[in-house]
Amino acid sequence: MTEQLLQPESLYLTGNTSTLYALAYLDLKTDGPLVIELPPGMLGFVDDAWFRFVENLGAIGPDRGKGGKYLVLPPNHEGAVPDGYFVVKTGTYSNLLFLRGSIANGLAPAVENIKSKLRIYPLAQIDTPPATEFINFSGVSYSTVAANDVSFFEGLDQVVQEEPLDAIGPEARGLLASIGIVKGQPFAPDARMTRLLGEAALLGNATARAITYQPRIGGVFIYPDTDSAWTTAYANKNTTFETGGATDLDARVLFYFNATGVTQAMAATTVGQGSDYALAYLDADKKPFDGSKTYRLHLPSDVPVNNFWAVTLYDTQTRSLLQTGQKFPTIGSQTDGMTANADGSYDIFFAPTAPEGKEGNWVQTVPGKSWFTILRMYGPLEPWINQTWRPSEIALVQ
C-alpha cells in the first residue's frame with residue numbers, strides 16, 4: 001500500500017500521486033479460493049495472469065462502494081460455493097488485485113480505512129483467518145517496466161508453465177511454441193535463438209513506443225477534427241480491443257505499453273463519476289517535450305469535475321513518474337499553493353526552474369530528458385464529456 005502515496009522512486013507504469021493504492025497478487029494455486037473483505041469507498045478490479053479483465057470491485061463493482069465480501073475462485077473450481085459472497089471466477093491461478101482509495105478527506109483516514117478493514121485470506125481458514133499483512137511501498141525503488149531482452153520471453157515461459165493450458169487459446173499457444181515456449185517443456189534457447197529473441201524484444205519495445213507516442217490508428221485523438229495532440233489511452237474507448245470480431249493489435253499495444261491493469265470502467269465515462277484521462281506526448285507544434293525548455297498549459301475556468309483534477313508528468317523511457325527535485329511531479333486542484341487567474345482559469349508551467357512568480361503553478365522537468373503528461377479528470381462533468389470545455393495545447397514559452 002502507498003501509505004505516503006506513489007513516489008517517483010517507484011517505476012510503476014503511469015501510476016498517479018492523487019489516490020491511495022492498495023495492491024495484492026492473489027495466488028490461488030497455493031491458497032485455493034480466497035476471501036477478500038473489501039472496505040467501503042474503494043475503486044478497483046481483478047485482472048488475471050495475462051492481464052485480462054476479470055471483475056470490478058468497489059464503487060464500480062457489485063458492492064457499489066459499500067464494501068463486502070468477495071470470493072475469488074481458481075480455474076475449474078469444483079467445490080461448494082458458500083452463500084454471502086460476491087463470487088469472482090478467474091481462468092488463471094495468479095491474479096492482480098488493484099484497489100484505489102480516495103484521499104478527498106485526507107490521506108490518514110484513507111490509510112486507516114484500508115488497514116483496519118481490508119482482509120484477504122483462504123476460504124479454508126475462514127474460522128480462524130490470519131491477519132492481513134500490509135507493506136508500505138511508498139518511496140520504495142522497484143520496477144514494473146517490461147524487460148527489453150531475452151528475459152522478457154523467460155517471463156512468458158514462467159506464466160505458461162504456472163497457469164492452466166487453456167488459459168490462452170491454441171493460436172497463442174502455437175505462436176509461443178514456435179519460439180520454444182511449451183507447457184511442460186523446458187525453455188532452453190540456444191545461442192542463436194537467444195540472440196534473435198533479444199533483438200525481437202528490442203524491436204517490440206521500439207514498435208510499441210512508436211504506436212503509443214505517435215499513433216496512426218483511428219479513435220485515439222480526443223479532438224480529431226482539430227490539430228490537437230491530446231489522446232486517449234483506449235482507442236475508441238474500447239477496453240476489449242476487439243472490433244468486428246477481430247483484435248485491434250495496435251490499440252492493445254497503445255494501452256499496455258503505458259499501463260498496468262485493465263477494466264471497462266477506465267473508459268466508461270459517466271457524468272460526475274469515475275475518471276477520464278487525456279494524454280499529451282507532443283506539444284502544440286507536434287514536437288516531443290524537451291525537459292530543458294519551458295511549456296505552458298492553460299485550463300479554462302470552471303474545470304468540469306465533480307471531485308478533482310490533476311496533471312502528472314512521466315518519463316518517456318520508463319513511463320513512470322518523472323524523477324525531479326519535487327516529491328510529486330503532479331499539480332492539480334488538490335495542490336496547496338496553486339493560484340487561479342482572475343477569471344478562474346489556470347496556467348500551469350513545465351520547466352527545469354519555476355518562472356518568476358509562478359512557483360505554485362509549476363511542475364519541474366529535467367534537461368536532457370523528455371516527458372509526457374496525463375490530465376486526470378475525477379468525476380468528469382458534462383462540459384468535459386461533450387467537449388464544450390477543453391484544455392489548451394501545451395505550448396512552448398519563447
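Every residue gets a number counted from 1 within its own chain, in the order that chain's sequence is written. Totals for whole chains, interfaces and linings use every residue, but because this is a predicted model, local features are given only for residues with pLDDT of at least 70 and side-chain atom pairs only at 80 or more, for both listing and counting. Here the side-chain values reflect all heavy atoms present in the structure, with hydrogen atoms and water set aside.

Participant: I'd like to hear about the overall build of the protein chain, residue by residue, with values.
Facilitator: A tally of regular secondary structure across the protein chain gives seven helices and 21 strands. Between the two quantities, the radius of gyration covers C-alpha atoms and the globule rule is 2.2 Å times the number of residues to the power 0.38. Taken against the 2.2 N^0.38 rule, which gives 21 Å for 398 residues, the C-alpha radius of gyration of the protein chain at 22 Å falls within 12% of a compact globule. Along the longest, intermediate and shortest principal axes, the C-alpha atoms of the protein chain span 65 × 55 × 40 Å. Looking at the protein chain as a whole, 47% of its 398 residues are labelled buried. For this analysis, residues touch if any pair of their heavy atoms sits within 4.5 Å. Sequence-distant contacts in the protein chain: of pairs separated by 6 or more residues, those separated by 24 or more amount to 71%. Only the protein chains shown count as cover for residues, and all accessible areas are computed by the Shrake-Rupley method using a 1.4 Å probe. Total accessible area on the protein chain stands at roughly 18600 Å², and carbon and sulfur atoms take up 53% of it. Helix numbering and strand numbering both begin at the N terminus, where a helix is a DSSP run of H or I of at least 4 residues and a strand a DSSP run of E of at least 2. Throughout this description, buried means an accessible area under 20% of the type-specific maximum (1.4 Å probe, protein chains only), exposed means over 50%, and partly exposed covers the range between.

Participant: Quick one: what's the story with the sheet that holds strand β9 (residues 119-122), residue by residue and with numbers?
Facilitator: Pairing in this open sheet of four strands is mixed, and the strands run β7-β6-β3-β9 from one edge to the other. Of all strands in the sheet, those bounded by a partner on one side alone are β7 (86-89) and β9. The average angle at which neighbouring strand axes cross in this sheet is 20 degrees, direction not considered. What makes two strands pair is DSSP finding at least two bridges between them. Pairing between strand β3 (residues 34-38) and strand β6 (residues 68-73): five bridges, direction antiparallel. Simply put, an axis is a line fit to the C-alpha atoms, just over the touching stretch for a helix, and the angle between two N-to-C directions goes from 0 to 180 degrees.

Participant: Mind laying out helix α2 (residues 107-117), listing which residues take part and the relevant values?
Facilitator: Looking only at α2, the buried set comprises A110, V111, N113 and I114. Looking down the long axis of α2, one finds its buried residues gathered within 155 degrees of arc, a one-sided arrangement. For α2, the secondary structure elements touched by its buried residues are β2 (20-27) and β4 (42-48). Note that the arc is computed from the directions linking the helix axis to the C-beta atoms.

Participant: So what's going on with the side chain of D276? Residues and values would help.
Facilitator: Counting through the fold element by element, D276 comes out in strand β14 (residues 275-280). Filtering out sequence-adjacent residues up to four positions away, D276 remains in contact with K237, T269, L375, R376, M377, P380 and W384.

Participant: If you had to explain the pattern of salt bridges to someone new, which residues and values would you point to?
Facilitator: For this document, the term salt bridge refers to a Lys or Arg side-chain nitrogen within 4 Å of an Asp or Glu carboxyl oxygen. The full count for this structure, using the stated rule, is eight salt bridges. Residue E3 is joined to K115 by a salt bridge in which the shortest nitrogen-to-oxygen separation is 3.3 Å. Highlighted residues: E3 in the segment before β1 (10-11) and K115 in helix α2, separated in sequence by 112 residues. The class of E3 is buried, set by a relative accessible area of 16%. Note that D315 and K369 form a salt bridge whose closest N and O atoms lie 3.1 Å from each other. One end of the pair, D315, is in strand β16 (residues 305-315); the other, K369, is in the loop between β19 (362-364) and β20 (371-380), and 54 residues separate them in sequence.

Participant: I'd like a description of the packing of aromatic side chains, backed by residues and values.
Facilitator: Centre distance within 6.5 Å is the pairing criterion for rings of Phe, Tyr and Trp, where only the six-membered ring of Trp is used; planes under 30 degrees apart are then read as stacked, over 60 as edge-to-face, and the remainder as tilted. With the rule as written, the count across this model stands at 23 aromatic pairs. Centroid distance Y213 to F372: 5.8 Å. Interplanar angle 45 degrees. Geometry classified as tilted. Of the two residues, Y213 sits in helix α5 (residues 191-213) while F372 sits in strand β20, which places them 159 residues apart along the sequence. Taken individually, Y213 and F372 each receive the classification buried, so the pair is uniform in this respect. Grouping aromatic residues by their ring pairs yields a cluster made of Y213, F257, Y281, Y314 and F372. Placement of a positive charge over a ring is assigned whenever Lys NZ or Arg CZ falls within 6 Å of the ring centre and within 35 degrees of the normal to the ring plane. One cation-aromatic arrangement involves R319 over F257; the distance from NZ or CZ to the ring centre is 3.7 Å. The aromatic ring of Y223 is capped on one face by R390, whose charged end is 3.9 Å from the ring centroid.

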